[in-house]
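# Remarks on the overall topology
Take a look at the letters that make up each chain.
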Amino acid sequence: MSFGRLERPTGDRPMSDINVTPLVDVMLVLLVIFIIAAPFMAGRLALELPKAEAPATAPAAAEAFVSLALDAKGQLHWNDEPLAEDALRQRLQETARRNPATELQLRADAAAPYGRVVQLIGLAQSAGLSRIGFVADSAPPAAR
């Protein structure tokens, strides 16, 4: 009497190693693409600019500016003196005629209507002044 084994024959065991070859291939292709594309990403334009000697002069004088203030009641102030609307038009045209690069520093109260501020900007531009600066306090408003 012969006794056989009760063990079953085992099949092929699954492969537990990761195949790294496709990963290396993809990485090499990406490396080549980045090496080729890197010079285009820099986006520099190499220019050789001309050189000139600047004359030795004193620093430029401070640029001219005028101050125009609009208070909460709608009253205009030209360099801290009260001013009427008609006189404002004349002063803006006079200032633009003397020096069109003069900066108009506009100081508008927070309660001043936005439409009035826009009208002042329009007056300055129609007079020929194109440099308009808005002056504000650097301190934050007090909490209520």
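Residues numbered from 1 in each chain as written. Predicted model: local features only at pLDDT ≥ 70, side-chain atom pairs only at ≥ 80, totals over all residues. Heavy atoms only, no water.

## Focus on the pattern of salt bridges
- With the rule as written, the count across this model stands at 4 salt bridges.
- Between E85 and R116 there is a salt bridge; the shortest N-O distance is 2.8 Å. Taken together, the residues span a long stretch of sequence, with E85 in helix α2 (residues 85–98) and R116 in helix α3 (residues 114–127) at a distance of 31 residues.
- Taking relative accessible area as the criterion, E85 reaches 27% and is therefore assigned partly exposed.
- By relative accessible area, R116 is classed as buried at 18%.
- A cluster of three or more residues bridged by salt bridges with shared partners is formed by E85, R89 and R116. (Salt bridge = Lys/Arg side-chain N within 4 Å of Asp/Glu carboxyl O. Helix = DSSP H or I, 4+ residues; strand = E, 2+ residues; numbered from the N terminus. Buried < 20%, exposed > 50% of the residue type's maximum accessible area, 1.4 Å probe, protein only.)

## Quick word on the packing of α2 against α3
- Interhelical geometry of α2 versus α3 gives an angle of 40 degrees and a closest axis separation of 8 Å. Between α2 and α3, the angle falls in the class oblique. Viewed along their axes, α2 and α3 form a crossing whose handedness is right-handed. Contact with α2, carried on its side by E85, L88, R89, L92, Q93 and A96, involves R116, L120, L123, A124 and A127 of α3 and no other residues of that element.
- Looking at the contact of α2 with α3 residue by residue, the class counts come to 7 nonpolar, 1 polar and 3 charged. (Axes fitted to C-alpha atoms, helices over the stretch in contact; angles between N-to-C directions. Parallel < 35°, antiparallel > 145°, perpendicular 65-115°, else oblique. Left-handed = near helix turned anticlockwise from the far one by under 90°. Contact = heavy atoms within 4.5 Å. Nonpolar A, V, L, I, M, F, W, Y, C, P; charged D, E, K, R; others polar.)

## A look at the sheet that holds strand β5 (residues 131–134)
- Taken together, the 5 strands give an open sheet; going across it, the order is β3-β2-β1-β4-β5, and neighbouring strands pair in mixed fashion. Since the sheet does not close on itself, it has two edges, and those belong to β3 (81–83) and β5, each with one partner. The average angle at which neighbouring strand axes cross in this sheet is 30 degrees, direction not considered.
- Its contacts with the sheet place α2 against β1 (65–70), β2 (76–78), β3 and β4 (103–108), and it is angled at close to 35 degrees to β2. (Pairing = 2+ DSSP bridges.)

## Some words on helix α1 (residues 21–42)
- Taking 1.5 Å of rise per residue, the 22 residues of α1 would be expected to cover 32 Å, and the 32 Å separating its terminal C-alpha atoms lies within 8% of that figure.
- Taking the largest bend as the criterion, α1 deviates by roughly 35 degrees, centred on I36, and proline P39 comes between one and four positions later. (Expected span 1.5 Å × (residues − 1). Bend = angle between axes of the 7 residues up to and from the residue.)

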